Amino acid sequence: MDSLLKHMVDMTGHRDHTMLDVSVISAVQELACASQTRVLALTSVRGQVFVRARAIIVAGSPARMEDNPDPAQPGDPLSDYPALAACIARHETSCDTLCADGRHLLWLPIWIGDQVTTCLEITNPTPYTGATIQVIGGIVSVYRNFQNLLDYSERDSLTGLLNRKTFDDQLAKILQSRGELDSEAGRPADEERRHHSNTEQQWLAVVDVDHFKLVNDKFGHLYGDEVLILIANLLQSSFRSQDRIFRFGGEEFVVLLRSITLENAQKIIDRFRLNVASHDFPQVGKVTVSVGFVSISAFEAPVIILGRADQALYYAKSHGRNLACHYDELVDKGMLTAIASNDTAEFF
């Protein structure tokens, strides 16, 4: 009982989805004596559901987050997990199956309403007793409820995307993590870091809906809100599951892209832009977006990074709209000139 209470306190003490995942699999691993426990993320891409491991703990080793080896791939098709797929189709809360090698797999979908985006997978050499499954079910209930609370505080109420406060927190974590890696590698923070090569791993894109005020003025705010919801849906279907998408306010959105080259960043952003341009919005018709994006450096303040993306966005807006512009490319070609910068602002 003391161990269970300790894990409950640990799980509810976090304000971060990553740490919550680590806490829940650590609790299940210890209390159920499992050989392996994973948190699986279920993502829908163009009508097909994919499964990808998000966190894992193996008996005798500490819990860790799982890195996707190929960021372009959303994971394995749910059809590769027929027992889990059948469990979800029947809206069941658990499924126990015997593998060909004799292992028992217990799947526990995390239902939020009528949707499943997360599932616990517990591997054990022998099947679990009813009492053990009951304890695990209690842990899952706490995990689900706290995940709901985190989502409520982190998400925009209209679009369901992450909100501005969450963006500030996640960008700060990215900069801290990159700063630690660069310090360990002994790389200097010189001015040349502003001219990023194709090895850059982090990008920030600012998206703005073109002529959105005209949409509200002509069709009303109800249709304006519908446009924002549909843009949010197109953002989620155009970017990858590990990219982070935020509603920044009004008709402006921000995307944090990870582990891609400049060429791939441009390709993914343009794919989204073209998806919007080709979409028929009910009553409104055609809508376009402009995008400004920039590579993220641990040696720049968040306000500088965001300001550069904004300047690239402003360039796209003032040069015809329905464009995606890269800040460093504009500066290198002389299309945009940074006159001066300091710790809090950059002037053009």
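Everything here concerns the structure above.
Parameters at a glance
- Residues numbered from 1 in each chain as written.
- Predicted model: local features only at pLDDT ≥ 70, side-chain atom pairs only at ≥ 80, totals over all residues.
- Heavy atoms only, no water.
- Axes fitted to C-alpha atoms, helices over the stretch in contact; angles between N-to-C directions.
- Helix = DSSP H or I, 4+ residues; strand = E, 2+ residues; numbered from the N terminus.
- Parallel < 35°, antiparallel > 145°, perpendicular 65-115°, else oblique.
- Contact = heavy atoms within 4.5 Å.
- Nonpolar A, V, L, I, M, F, W, Y, C, P; charged D, E, K, R; others polar.
- Core = buried A, V, L, I, M, F, W, Y, C linked by side-chain atoms within 4.5 Å.
- Buried < 20%, exposed > 50% of the residue type's maximum accessible area, 1.4 Å probe, protein only.
- Salt bridge = Lys/Arg side-chain N within 4 Å of Asp/Glu carboxyl O.
- Pairing = 2+ DSSP bridges.
- Arc of directions from axis to C-beta.
- Disulfide = S-S within 2.5 Å.
- Expected span 1.5 Å × (residues − 1).

(A) Structural detail: the packing of helix H6 (residues 212–219) against helix H7 (residues 221–238). Contact geometry of H6 with H7 gives a least axis separation of 7 Å together with a crossing angle of 140°. The orientation of H6 with respect to H7, classified from their angle, is oblique. Residues Phe-212, Val-215, Asn-216 and Phe-219 of H6 form the contact with H7, whose own contacting residues are His-221, Tyr-223, Gly-224, Val-227 and Leu-228. Within the contact of H6 with H7, the residues separate by chemical class into 6 nonpolar, 3 polar and no charged.

(B) Broad picture of the nonpolar core. Core analysis: the largest hydrophobic core is formed by 30 residues, its most contacted members being Ile-231, Leu-235, Phe-239 and Phe-272. Of all the secondary structure elements, the ones that give two or more residues to this core are strand E8 (202–209), H6, H7, strand E10 (252–258), helix H8 (262–277) and strand E11 (289–295). If near-sequence neighbours (up to four positions away) are discounted, Phe-272 is found in contact with Val-207, Ile-231, Leu-234, Leu-235, Ser-238, Phe-239 and Val-289. Counting residues in hydrophobic clusters, the runner-up holds 24 residues, among them Phe-167, Leu-175, Phe-248 and Cys-325.

(C) Examining the pattern of salt bridges more closely. One pass over the full model with this rule turns up 14 salt bridges. We note a salt bridge from Asp-21 to Arg-54, for which the minimum N-O separation is 2.7 Å. Residue Asp-21 is found in helix H2 (residues 17–32), and its partner Arg-54 is found in strand E2 (residues 48–58); the two are separated by 33 residues along the sequence. Of the residues examined, Asp-21 reaches a relative accessible area of 3% and is grouped as buried. Salt-bridge contacts for Arg-103 lead to Asp-101; the nearest nitrogen and oxygen are separated by 2.7 Å. Here Asp-101 falls in the exposed class, since its relative accessible area comes to 53%.

(D) A look at the pairing of strand E6 (residues 104–112). The buried fraction of E6 is high, at 8 of 9 residues. Pairing analysis gives 4 bridges linking strand E5 (residues 95–98) to E6, with the strands arranged antiparallel. The residue bridging Leu-98 from the neighbouring strand is His-104, located in E6. Bridge analysis of E6 against strand E7 (residues 115–124) gives 9 bridges, and the strand direction is antiparallel. The residue bridging Ile-110 from the neighbouring strand is Thr-118, located in E7. Linking E6 to E7, which pair antiparallel, is a turn of 2 residues; within it Gly-113 sits at a positive phi near 70°.

(E) Main features of H6. Residues of H6 that are buried include every one of Phe-212, Val-215 and Asn-216, and no others. Along the axis of H6, the buried positions cluster into a sector of 95°, meaning they face one direction only. Facing away from the buried side of H6 by more than 90 degrees, the exposed set consists of Lys-213, Leu-214, Asp-217 and Lys-218. Buried residues in H6 make contact with E8 and H7. Phi turns positive, to about 95°, at Gly-220, one or two residues after H6.

(F) Broad picture of the pairing of E10. Burial within E10 is extensive, with 6 of its 7 residues counted as buried. Pairing analysis gives 7 bridges linking E8 to E10, with the strands arranged antiparallel. For Ala-205, the partnering residue across the bridge sits in E10 and is Val-255. Here strand E9 (residues 244–249) runs beside E10; their pairing, made up of 5 bridges, is antiparallel. Bridge pairing links Gly-249 to Glu-252 in E10. In sequence, E9 turns back onto E10 through a hairpin of 2 residues, with Gly-250 there showing a positive phi of about 60°.

(G) The environment of Val-227, seen in detail. Mapped onto the elements of the fold, Val-227 is located in helix H7. Val-227 sits in the buried class, given a relative accessible area of 2%. When sequence neighbours within four positions are dropped, the list of residues in contact with Val-227 reads Phe-212, Val-215, Phe-281, Val-284 and Val-287.

(H) Examining the packing of H2 against helix H4 (residues 130–154) more closely. At their nearest, the axes of H2 and H4 sit 10 Å apart, and the two run at 175° to each other. Looking at the two axes, H2 sits roughly antiparallel to H4. Counting all contacts with H2, which are made through His-17, Leu-20, Asp-21, Val-24, Ala-27, Val-28, Leu-31 and Ala-32, the residues of H4 involved are Thr-132, Ile-136, Ile-139, Tyr-143, Phe-146, Gln-147, Leu-150, Asp-151 and Glu-154. The residue makeup of the contact of H2 with H4, split by class, is 11 nonpolar, 3 polar and 3 charged.

(I) Structural view of the state of the cysteines. Inspection of every chain in the model, using the stated rule, returns 0 disulfides. Of the cysteine sulfurs around Cys-95, a residue in no disulfide, the closest is that of Cys-87, at 5.0 Å.

(J) Broad picture of H2. An ideal rise of 1.5 Å per residue puts 22 Å on 16 residues; H2 measures up with 22 Å between its terminal C-alpha atoms. Leu-20, Asp-21, Val-22, Ser-23, Val-24, Ile-25, Ala-27, Val-28, Gln-29 and Ala-32 are the residues of H2 that are buried. In the segment just after H2, Cys-33 is the residue with positive phi, at about 55°.

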